[in-house]
Structure formats: C-alpha cells, structure tokens
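# A closer look at the structure
Here are the chains, one letter per residue:
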Amino acid sequence: MSTVKSAPVVGAGVNRVDGPRKVSGAAPYPTDFDIPGQTYGALVQSTIAAGRIVRMDTSAAEAAPGVLAVLTHATMPGLDRGPMTDIGPSPPAPMQDDRILHHGQHIAFVVAETQERATAAARLVEVDYERTEPLLDLLDPRAPQISDPWGMDHSRGDAAALATAEITVEATYRTPDNTNNPLAPFATLAAWEGDRLTVYDTTQWPSLVRSQLAAVFKVPESAVRVLVPYVGGAFGSGLRVWPHVILTVAAARLLRRPVKLVLTRPQMFTSVGHRPGGVQWITLGATRSGELVGIDHRSVSSVAMEDDDFEPFAAGSGFAYACPHVRTQDRQARLNIPDPTSMRAPGEAQGNFALESALDELSYVLGIDPLELRMRNYAEVHPQSGLPWSSNALRECYEVGAERFGWSARRPEPRSMREGNWLVGYGMAGVSYPWYATDCRAQATVRRDGSALVRSAATDIGTGTYTVMTQLSAECLGLALERVRFDLGDSDMPFAPQAGGSGLTAALGNAVFDACRRLVGLFVGLAGQDGDSPLFGASPEMVEVTEGRIHLAGRPARGESYTDILGRHGLPELTADGTSTPASQDDLGMALSGAFGAKFVEVRVDADLGLIRVARVVSAIDGGRILNEKTARSQIVGGTVGGIGMALFEDTVTDAPSGRIANGTFGDYLIPVNADIPAMDVVFVGGADRGSPIGTKGVGEIGLVGVAAAVANGVYHATGKRIRSLPLTLDGLL
C-alpha cells in the first residue's frame, strides 16, 4: 500500500471549491436547464382526500392554445411500481386508476408550448368525484395498522423489570408532520432520443433515478442518464423517484419532445414527502441513584395509504444508554395523506425528542443534574451487541460541551433563573445517530500536465461534497488542491449511494481513497520496472507522494513526478478505479459507530407573554475524522437551525375533514429566519473511527438531533411547565 505524505489538505477549513460558481450564478441547478424544442408541464391535483374520480372533462384544456397533450388515468400508459431500493420501497406509479388517496394527488398532467399556457390549461380540467370519508388521525381505530415493517423492534432483558424499578417516569409525546421545504422547487427535465433517456432532476441519488426509470420504462440502465451537478437543498426529499418525475418522463416519451416540470411551492407540500408525525409512549425505570433499569419506548407514526416509507422513532432508544431491560416497538397507521419521506435525521429527530425529554423528567424526579444522569448511564460498549464501539466520544462531548456552555452555573430549580422579565432556562440532550454506509465506486485519473480528475456519481446537496472530496483526493495523490478536480452528479460516472443517512462521506471517501491508492500503485508499477527511473525496484509500500512527485519514503530526492513517468512511457494519463464496501461488525469485532453529540441550549421565556427565544446553543460533536472543519461546522449549524424550527415553528397543518394542507406556502408555514437564530458554538471532539479506512463518521444528521429536546428541557427549567408536544408555542405555556 502506498503511503501518503503531503501538506495538511484534509482537515483544513478550506473554502468551498464550488463557491465561486455559486456566488457568480454559474452553478446550474435543475431549474436552470433547458433543451431546444422543450415543452412544459403542469399538474392537476385532486381537491378531495379520499374517493374516486367519476368524471374528468379535459376537452377545454386540450383545446386551449399551445396545449400538446393532457395525460389522465384513462390515457396514462400502464406502469409498474419501481423496484425495492437500499432505503425502502419506491412510491407507487402515478395515475394508474381512478382512486384518490390524498388531497393534492396528481390526477392529470398538461403539456404545452409554454409554462404559462400549460398552467392556464390545467385550470380548465373539470373533475367530479365520489367522496369517501378520509382517515386523517393516526389514533383513529379504523386506520389500518402496520407493526414493525422492517424488523427493527428490539427487546432485551425482562420488560417486567420496570414494574419493580424504584423510580418510574411515564409520559406521552407528540410530534407533528414537518415539511422539508428546500429553498429551490423541485424540477425535472426529460428528453428521449429513440430509446435513450436523459433526465435533469432534483435528486440526492442519480444512480437510483437511473435504475428506477430504467425499470419503470423497461429500458436498459445504460440507456438512461441522470444529470444533477447541483441541488438546491433537499433535506431527504430528494431520496425517492417521485410520481411527478415518472409523469414528466412518460409525457416526453409520448410527445417525443423534451418536457420540463417545475413544482410550485404548494405542490412541494404534497409531492415530495414530509417528516411523518407521531405519538410516542415512554416509560423509564431507574434506581434512586440514577442508574437506568428499564426503557419501554413505543410509537405510532403516519404513513400513506399505499406507500411503505418507514421511520422507526423508538429504535434509537435500544442503543442510546446502558440499560439492562429495553423494549422498543414501532408501528404505523395508514392515512389519506401524501407520502411521507425522510427529513433530516429521520426517526431519530422524533425519537430523541421523546427519550431525552423523558430523561429530563426523570432527572427532576430523582433530584439529579440532567447532565450527571446521562453520564451515569453512558454505554461503555454497544448495549445491544455487547461489542466495543469502533469509536465513541460521547462522554467527552458531555464534558467539553458543558464546560464551553457554562453548565455549572445552572441553578437546579425550575423558574429560578431570571433576567428582567425573561425567565432563563438551561436545557441539554445527549444525541446519537446510527452508523450507515454502503457500497460505492470512484475513478481517479492523473494527466500528463500533472492535474487530476476524480469522479463518482454522487451529489452535493450543499454539504460540501465537492470540496471535501477534492481535499481527500489531493492529499491521497500528493497534489496541490488547485491541481485536482472532483466531478459528480452524473449517473454515467461510477456508482455512488445517496447523499443521505450521514453515510455518503464515508462511502464515497473510502472509494476515493481506494481509487487514489490504486492509481499511485499503477505509477509505482511503471516506474519500479523502468531501469531509467529513480524509483526502479520500488514497490508501493516503499514510497510517499508529495507535491506531485512519488519518492522513496524519507528520501525526497529519490523520485520523480507523475508528469515524468507518463511522458517517458508515452501515456497521456493513467486511471484507476476504486471501491468501498463496508466491513461487517462481525468481521471487525466491534460495533460500527455513528456520530455522537451533546447539545446545550439557553432559552429565554417572557414571563408575561410566553414568548420563547433561543439565546445560544453549544454543540459538542463526535464526528470521527473531520475532513473539513469549516464545512462540517456549517453542517452542524444548519442542522441546529432545522432543530430550532422543529422545536418552535414547524407544523404542517392538515385541515379536517378535507385533508387539505392548510399552510402550504412560505407565508403560512413557519420556519426560522435570521432573527430566530442565536449565537452558536460548535466543537468537534474524538478522533478517527476504526470502522472506516479514512476514519470518518457523517455529521449531516447529528446537528439536528437533540435540539428540540434541549429546547423543551430548557423551557421547563425556565418556567416549570413541561410541554410534551411540538412545536413549543406560547399557547402551550399560557
């Protein structure tokens, strides 16, 4: 194996390599692409939540100026549902029958020469329905129930031990639907050339879109190309091939012309998923000295009538703390709602709110500091498997975070800290996010001019993938940062998994590491067999790479540049492929660890008005080896903003009994703005993770987990009022 020794490129907080393109407007997002001769699509959506279509009159729309086609369930070709993916089933194919399963369901697709004409014609479609009463309440006994769909329920020890615990706390917590709401609306542009398909799409997973479209439209995967060089945010909503994508591709195939569809903001609320709401029941048992004896965590969450997305709220409680007796149980209730989907920190965001709120409640019953209670129940080994962690700096997160926050200044009694009319509260939460990684591939090339190109079919949803992979490639190849280009966002490149689940950096980074290592090996192989080379007789284990040169370890004068080797052999470039396949826990003999963290929050509550303000947040994070401190910190800050939104603002309101989303605009759906965001302190602790060749653990989700619980716990400390439903609002306090 080649040794890498170069300037400290990895870890440095370098600026984003794609920053100049973004600020200059040169970065093309999915809405920016156009193809000569393209047409434009507009959706017609149902105005009821349950029932069937008994009449649809499209004649006026079809006769409108510039209209080329109107697709309905009567004219839509029969399509199969896409195949199973690594993160769950695909949504059902759209417009295959006359049934209505949720308000806002796509029931017609109008294509015209201009966007304005398509939009105007869509309003001319007339529909009569046969209505049935929708199921909208997940506690409605009529709602079909699904128990443990992915086999993630957990039980260890004896659940009956809770009955004999010295102290028990039992509570119910509720979290509402939240909507992802990336700033840029989703867009799809599809063009067929014979049986070859090119799609520009808002997606976090180009390789998935390619395979799904190939299966649905029955063409070889090699005939489909998906392009997404930039994504204007997604937060999980870009992890599926949504019905509007299928409709756009189907219309383009029918017309034999490119078709472009851009969703409106209200359509974003019904077309690309949302974080599912749920109810959670937790019972904690402990000794009087604060050792957890038992955890019973059950949940029910919402799912669409014919979709199979799943977020296990309770599952994370199985490994969060050292506790001998644990039972977690998740089930779903089928409702007449749009398909839910992953939203940043899926499952853990909701489950952590309940668990960490319950622990806070337990701390007050016991009279033990909330931080001390968590420290006493720190899991030295993985609680489920008993294996040692591949890394776990949670204890250090507690200690460093508390010191930076000034937790020791907290007075233990609720409503005991005040500044003027503001009641001051300190709240905290311990957090974790499970390990996730999957197969990935990358390709690395060094050219005769000494520059490098590294590629993989990943996406960058604003997390900094372009930048950190450029850094990693530069360090592995011993090149200056400006001599390396990293390309992504094209399904024709080597396969990459989704940008989601906090797993892309590890999977892609390990593949890039492998490709670059193999490429250096190819150069050493050429030079080592060349009697004219200073590296004659060398093997990869004997060399280092620095400043574009390969040289013997510890002997920088004994070597030569990539350019020299290529030139002497008459080669324009050398290329190597790399792969990443995660090792199993059994192979490693340790529990593969996700990220850990501790969140500390100061809140202010107006004693008269009940207004809640977050004054400051400290996040101490164990993210393994940090490839770029600047972009990693940005991820934690962004996740914290999302957590504040979850805690205080976000609530997707469904009107009963119509099933209509009542606040489906930015004017009505509340999200944090600059004035709502306090000073933030982010500190990274711990070190490289032993379960990954490059030592990383993802930080995309961990920034959000725990914020809602810490805010709620801070509100209780400030006011003495325990609120167990999100968002925390002044009416709940008053």
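Another aspect to go through is the state of the cysteines. According to the stated counting rule, one finds zero disulfides in the structure shown. Its sulfur unpaired, Cys 516 is 4.9 Å from the next cysteine sulfur, which belongs to Cys 476.

Our next topic: the packing of helix α14 (residues 629-648) against helix α15 (residues 707-719). It is the contact of α14 with α15, at a shortest axis distance of 8 Å, that shows an interaxial angle of 50°. Taken as axis vectors, α14 and α15 run oblique relative to one another. Once α14 is placed against α15, the crossing between them reads as right-handed. Residue-level contacts link Thr 640, Gly 643, Ile 644, Met 646, Ala 647 and Leu 648 of α14 to Val 707, Ala 708 and Val 711 of α15.

Read from one edge to the other, the open sheet built from four strands follows the order β22-β21-β20-β26, with strand pairing classed as mixed. In this open sheet, the two edge strands, each paired with only one partner strand, are β22 (484-487) and β26 (573-580). For this sheet the average axis-to-axis angle between neighbouring strands, irrespective of direction, equals 15°. Looking at chain direction, strand β20 (residues 440-447) and β26 are connected through eight bridges and run antiparallel. Residue Ala 442 lies in a different strand from β26, and its bridge partner there is Gly 578. Of the strands in this sheet, β20, β21 (452-455) and β22 touch helix α10 (residues 465-477), which is tilted by about 135° from β22. Its contacts with the sheet put helix α11 (residues 504-528) on β20, β21, β22 and β26, and the angle it makes with β26 is roughly 140°.

With that settled, consider helix α4 (residues 206-216). Of all eleven residues in α4, nine are buried; the element is thus mostly enclosed. Within the span of α4, buried status applies to Pro 206, Ser 207, Leu 208, Val 209, Arg 210, Gln 212, Leu 213, Ala 214 and Val 216. Residues of α4 that are buried in the fold lie against β12 (196-201), β13 (224-227) and α5 (243-255).

The next subject is the side chain of Glu 348. With respect to the helices, strands and loops of the structure, Glu 348 is situated in helix α7 (residues 348-366). For the buried residue Glu 348, which engages in no salt bridge, the nearest side chain bearing the opposite charge is Lys 599, 11 Å off. Ignoring anything within four residues of it in the chain, the contact list for Glu 348 reads Gly 316, Phe 319, Phe 353, Ser 432, Tyr 433, Pro 434 and Val 705.

A separate point is the sheet that holds strand β7 (residues 126-131). Note: strands within a sheet are paired through backbone hydrogen bonds, in either parallel or antiparallel orientation. As summarised here, the arrangement of the three strands in space is β5-β3-β7, forming an open sheet in which the pairing is antiparallel. The open sheet has two free edges, formed respectively by β5 (99-100) and β7, since each of these has just one partner strand. Examined bridge by bridge, strand β3 (residues 51-57) and β5 share two bridges and lie antiparallel to one another. From the neighbouring strand, Gly 51 faces β5, where its bridge partner is Ile 100.

Here strand β10 (residues 167-175) shows a buried face lined by Ile 167, Val 169, Ala 171, Tyr 173 and Thr 175 and an unburied face lined by Thr 168, Glu 170, Thr 172 and Arg 174. Inspection of the sheet shows β10 paired to strand β15 (residues 278-286) by nine bridges, in the antiparallel sense. Bridge pairing in β15 places Ala 171 opposite Ile 282.

Here the focus is the side chain of Thr 445. Considering the arrangement of structural elements, one finds Thr 445 in strand β20. A distance of 2.7 Å separates polar atoms of two side chains, one belonging to Thr 445 and the other to Thr 575. Contacts of Thr 445, omitting those with residues within four sequence positions, involve Ser 451, Ala 452, Leu 453, Leu 519, Glu 573, Leu 574 and Thr 575.

By the definition in use, this model includes 40 salt bridges. Among the salt bridges present, the one from Asp 487 reaches Arg 485, with a minimum N-O distance of 2.7 Å. On the basis of relative accessibility, which here comes to 45%, the residue Arg 485 falls in the partly exposed class. Several salt bridges converge on common partners, so that one network encompasses Arg 81, Arg 240, Asp 307, Asp 308 and Arg 334.

Next up on the list: the pairing of strand β25 (residues 555-561). Across four bridges, the pairing between strand β24 (residues 549-552) and β25 is antiparallel. Bridging across to β25, Ile 550 finds its partner in Glu 560. Where β24 hands over to β25, the hairpin turn is made up of two residues, of which Gly 554 adopts a positive phi near 75°.

Here we come to the packing of aromatic side chains. Under the criterion given, the structure shown has 15 aromatic pairs. Ring centres 4.8 Å apart and planes at 75° place the aromatic pair Tyr 364 and Tyr 716 in the edge-to-face group. One end of the pair, Tyr 364, is in helix α7; the other, Tyr 716, is in helix α15, and 352 residues separate them in sequence. By relative accessible area, Tyr 716 is classed as buried at 16%. Summarising the aromatic geometry, the rings of Phe 405 and Trp 407 are spaced 6.2 Å apart at their centres and angled 45° between planes, so their arrangement reads as tilted. Through a chain of ring-to-ring contacts, three or more aromatic side chains come together here, namely Phe 405, Trp 407, Tyr 426 and Phe 600. We note Arg 21 situated over the ring of Tyr 466; from NZ or CZ to the ring centre the distance is 5.4 Å.

The end-to-end C-alpha distance of α7, which contains 19 residues, comes to 26 Å, matching closely the 27 Å that a straight helix rising 1.5 Å per residue would cover. Across the 19 residues that make up α7, a large majority, 17, are buried. Downstream of α7 by a residue or two, Gly 367 has a phi angle that is positive, lying close to 75°.

The next thing to look at is the packing of α10 against α11. Running from N to C, α10 and α11 cross one another at 30°; their axes reach a closest spacing of 9 Å. Of the possible angle classes, the one that applies to α10 and α11 is roughly parallel. Both α10 and α11 take part in a crossing whose hand is right-handed. Touching Thr 465, Met 469, Leu 472, Ser 473, Cys 476 and Leu 477 of α10 are Leu 504, Thr 505, Leu 508, Gly 509, Val 512, Phe 513, Cys 516, Leu 519 and Val 520, all from α11. Here the contact of α10 with α11 is composed, by residue class, of eleven nonpolar, four polar and no charged.

What counts, and where the lines are drawn
- Residues numbered from 1 in each chain as written.
- Predicted model: local features only at pLDDT ≥ 70, side-chain atom pairs only at ≥ 80, totals over all residues.
- Heavy atoms only, no water.
- Disulfide = S-S within 2.5 Å.
- Axes fitted to C-alpha atoms, helices over the stretch in contact; angles between N-to-C directions.
- Helix = DSSP H or I, 4+ residues; strand = E, 2+ residues; numbered from the N terminus.
- Parallel < 35°, antiparallel > 145°, perpendicular 65-115°, else oblique.
- Left-handed = near helix turned anticlockwise from the far one by under 90°.
- Contact = heavy atoms within 4.5 Å.
- Pairing = 2+ DSSP bridges.
- Buried < 20%, exposed > 50% of the residue type's maximum accessible area, 1.4 Å probe, protein only.
- Lys, Arg positive; Asp, Glu negative; His and termini not counted.
- Salt bridge = Lys/Arg side-chain N within 4 Å of Asp/Glu carboxyl O.
- Polar contact = N/O pair within 3.5 Å; in protein donor to acceptor, adjacent residues only side chain to side chain.
- Phe/Tyr/Trp six-rings, centres within 6.5 Å; stacked < 30°, edge-to-face > 60°.
- Lys NZ or Arg CZ within 6 Å of the ring centre and 35° of its normal.
- Expected span 1.5 Å × (residues − 1).
- Nonpolar A, V, L, I, M, F, W, Y, C, P; charged D, E, K, R; others polar.

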